[in-house]
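Okay, here's what each chain looks like letter by letter:
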Amino acid sequence: MRERHETLRQGSDSFFATRIDRVVNWGRKYSFFNYPFVTACCGMEFMSVAGPRYDIDRFGAALPRFSPRQADLLMVVGTISHRQAPILKKVYDQIAEPKWVVAFGACTCSGGPYNNYATVQGIDTLIPVDLFIPGCPPRPEAVLDGLIKLQAKVQGAPGWNVPRHRETDELSLPVIQKPLA
Amino acid sequence: MTERLLEQVTACLAERVLDRHTRLGDVTVVVEADRIAEVLTLLRDDPGLRFNLLVDLTAVDYLKRKPRFEVVYHLASLETAARGRQPSGIRHRLRVKVGVSEDPCELPSCVGVWPAADWMEREVWDLYGVRFLGHPDLRRILLYEQFEGHPLRKDYPKERRQPLMGPRN
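Being a predicted model, the structure only gives us computed values, none of them experimental. (Residues numbered from 1 in each chain as written. Chains lettered and ligands numbered in written order. Predicted model: local features only at pLDDT ≥ 70, side-chain atom pairs only at ≥ 80, totals over all residues. Heavy atoms only, no water.)

**Quick look at the overall build of chain B**
To keep it simple, the criterion reads: Runs of H or I in DSSP of at least four residues are treated as helices and runs of E of at least two as strands, each being numbered from the N terminus. Accessibility here uses a 1.4 Å probe with only protein chains present; expressed as a share of the type maximum, an area under 20% marks a residue as buried, one over 50% as exposed, and anything in between as partly exposed. Working rule for contacts: check all heavy atoms of both residues, and any pair within 4.5 Å makes them a contact. Using a 1.4 Å probe, the Shrake-Rupley method yields the accessible areas, and only the shown protein chains count as cover for residues.
Looking only at helices and strands, chain B features 3 helices and 7 strands. Reading the secondary structure of chain B in the N-to-C direction produces α-β-β-α-β-β-β-β-α-β. With the C-alpha coordinates of chain B rotated into their principal frame, the extents come out at 65 × 30 × 30 Å. Among the 169 residues that make up chain B, the fraction classed as buried is 42%. Contacts in chain B between residues far apart in sequence, at least 24 positions, make up 52% of those at least 6 positions apart. Within the structure as shown, chain B displays about 8,900 Å² of accessible surface, and the carbon and sulfur contribution to it stands at 50%.

Here it is in C-alpha cells:
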C-alpha cells in the first residue's frame, strides 16, 4: 500500500486517484452553461461581462443557452416584477439538475431602488439563490469575482449526484394562475 | 382660437358645463359625473366640433378633496379643414374633467362613444379603482387578478406587500 502511494506521489505511473465527486464538480465548475434571464438595464452590464473585454469564456461560462433545458446556471439579470415572477419560476423549473442561480444586480438581490407595489423584493422570495452579486449595476469585476466564488461553491459541493435544490413542489411559491389578458 | 373653441363647446354643452377655463392654449371643461356619457356623445357628434379621437383617459387622486377623484378625458378632432367640417381650421383638442366620489367610486363608461376607451378604463379601474358602469369587460389590465388594492391611490402604502408575493424568505 505504501509503495503504491509512493508511486502515485511521484507521478511515475500513468494514472492518478481521486474522488468521483471532485472530478465531476471540477468539470461542472469550468463548463457553466448560463441562461441569461435579462429583464432590465443590468443586461447591458451582462453583455459587457460576456463580451471580449471581460471575457467570461476564461472561466468556461461563455456560452449562453437560450433554452433553460440546455442550461445549468440561471443568471437573473434585472428587475423582476410581479407579472414576471411566474415566468421566472417556470424557467427555473425547466432547468434540469444540477442547477445554480445567480442574482445579478441590486434589483434581483433585494428589489433594489424599487420598493413598490410592482417589484419582487428579491428573487430569493421566489426561488433558491446560490450567489448574490449586488451593485446597480455590478461592475464586471464584481461579476467575475462572483463567478469565481460560485466555482468554489460548485467544487466544494458534497457529492455529485445529490439534488441541491429542493423539490419545487416543496417550495411555497406564488404562481399567478391567470394567463395574461 | 382657444376662446372660440371654448365658446363652441359651451354652446354645445350648455348647462352641462360646471366649470371651464383656458390656459396655455388648452381648453378645459368640467362636467357632472352622471352626464358624462351624454356630454362625450355630444362632443363627438356636434358638427362644429367632431371630437372623434379619445387621446387619453386617466384619473387623478386628490385624496383630501371632495370629490376625491377626477377622471380626465383628452379629446381631439382629426377632421381637417379641407373636408369642410371644422371651423377653426386646425385639429383642435379639449380636456374634459369629471369629479368622482370615493364611495361609490363609479362613473358611466364611454366605451360606447369611443371603443378606444376600453383598455384605458380598465387601466383606471386597475390602478385607481374607479368602476366604469356599462364597461363590457372591466378586468385588471396591468396587474393580476389576485392583486389587492389599487396602487396609484394616494393612500396605498408603498411598502404594502401582496399575498402572492409575500415577504422575503
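**Some words on the overall build of chain A**
A tally of regular secondary structure across chain A gives 6 helices and 4 strands. Mapped in sequence order, the helices and strands of chain A form the string α-α-β-α-β-α-β-α-β-α. Here chain A holds 181 residues, and 43% of them are scored as buried. Pairs at least 24 apart in sequence give 78% of the contacts found in chain A among residues at least 6 apart. Split by element, the accessible area of chain A, about 10,000 Å² in all, is 56% carbon and sulfur.

**Observations concerning helix H3 (residues 117-128) of chain B**
Residues and elements named next belong to chain B. Where we set the bar: Helix span, as expected, comes to 1.5 Å for every residue beyond the first.
Spanning 12 residues, H3 covers 16 Å between terminal C-alpha atoms, matching the ideal 16 Å at 1.5 Å per step. Buried within H3 we find Ala-117, Met-120, Glu-121, Arg-122, Val-124, Trp-125, Asp-126, Leu-127 and Tyr-128. Elements in contact with the buried residues of H3: strand E3 (53-61), strand E4 (69-76) and strand E7 (131-133). Phi turns positive, to about 75°, at Gly-129, one or two residues after H3.

**Concerning unusual backbone geometry**
Residues and elements named next belong to chain A. Cis geometry marks the peptide bond from Glu-97 to Pro-98, where omega comes out at -5°. Its location among the elements puts Pro-98 in the loop between helix H4 (85-94) and strand E3 (100-104). That bond from Cys-136 to Pro-137 is cis: its omega, -10°, falls within 30 degrees of zero. Examined against the element boundaries, Pro-137 turns out to sit in the loop between strand E4 (131-133) and helix H6 (140-155).

**What to know about the environment of Pro-64 of chain A**
In this fold, Pro-64 of chain A is placed in the loop between helix H3 (42-50) and strand E2 (73-77). Those residues in contact with Pro-64 of chain A that sit more than four places away from it in its chain are Asn-34 and Pro-36 of chain A.

**A short note on the sheet that holds strand E2 (residues 26-31) of chain B**
Residues and elements named next belong to chain B. So the rule is basically this: The criterion for strand pairing is that DSSP finds at least two bridges linking the strands in question. For helices, the axis comes from a line fit to the C-alpha atoms of the stretch in contact; other axes are also lines fit to C-alpha atoms, and the angle between any two N-to-C directions lies between 0 and 180 degrees.
What the 5 strands build is an open sheet, ordered E1-E2-E5-E4-E3; its pairing is mixed. Two strands lie at the open edges of the sheet, namely strand E1 (17-23) and E3, each paired on one side alone. Strand-to-strand twist in this sheet, taken as the mean axis angle between neighbours without regard to direction, amounts to 20°. One ladder, built from 4 bridges, connects E2 with strand E5 (residues 93-100); its direction is parallel. Residue pairing across strands places Thr-28 opposite Arg-95, the latter belonging to E5. Docked against the sheet, helix H2 (residues 36-45) engages E2, E4 and E5, running at close to 175° with respect to E5. Packing against the sheet, H3 makes contact with E3 and E4, and its axis sits at approximately 10° to E3.

**Considerations on the sheet that holds E4 of chain A**
Either a parallel or an antiparallel arrangement is found when strands of a sheet pair, and the pairing is made through backbone hydrogen bonds. All names here are of chain A. Judged by pairing direction, the sheet is parallel, and its 4 strands sit side by side in the order E1-E2-E3-E4 without closing on themselves. Each end of this open sheet is capped by a strand with a single partner; those strands are strand E1 (34-38) and E4. In this sheet, adjacent strand axes meet at a mean angle of 20° when their direction is disregarded. Of the strands in this sheet, E2, E3 and E4 touch H6, which is tilted by about 170° from E4.

**Section: the pairing of E1 of chain B**
Residues and elements named next belong to chain B. Summarising the sheet, E1 and E2 pair through 6 bridges and their orientation is antiparallel. Among the inter-strand pairings, Arg-23 is bridged to a residue of E2, identified as Asp-26. Taking the residues that link successive antiparallel strands as the turn, the E1-E2 hairpin has 2 residues, and the phi of Leu-24 there is positive, at about 50°.

**Things to note about the nonpolar core**
Let me state the cut-off plainly: Nonpolar cores are built from buried Ala, Val, Leu, Ile, Met, Phe, Trp, Tyr and Cys residues. Side-chain atoms within 4.5 Å join them into one set.
Leu-74 of chain A together with Leu-40, Leu-43, Leu-57, Tyr-73, Leu-75 and Val-96 of chain B are the most contacted members of the largest nonpolar core, which totals 63 residues. Beyond its immediate chain neighbours, meaning those up to four positions away, Val-96 of chain B contacts Val-29, Val-31, Ile-36, Leu-40, Leu-43, Val-71, Val-72, Tyr-73 and Leu-75 of chain B. Residues Phe-32, Ile-56, Leu-147 and Val-154 of chain A belong to the second largest nonpolar core, which totals 21 residues.

**Considerations on the pattern of salt bridges**
Side chains that differ in charge, positive against negative, can pair when their charged atoms come close. What counts is decided by this rule: Any carboxyl oxygen of Asp or Glu within 4 Å of a side-chain nitrogen of Lys or Arg constitutes a salt bridge here.
Overall, the coordinates contain 18 salt bridges over all chains when judged by the stated rule. The partner of Asp-21 of chain A in a salt bridge is Arg-19 of chain A, with the nearest N and O atoms 3.0 Å apart. Residue Asp-21 of chain A is classed as buried on the basis of its relative accessible area of 10%. Among the salt bridges present, the one from Arg-44 of chain B reaches Asp-45 of chain B, with a minimum N-O distance of 3.0 Å. Here Arg-44 of chain B falls in the partly exposed class, since its relative accessible area comes to 25%. What makes Asp-45 of chain B partly exposed here is its relative accessible area of 42%.

By themselves, these are just geometric observations and shouldn't be taken as functional.
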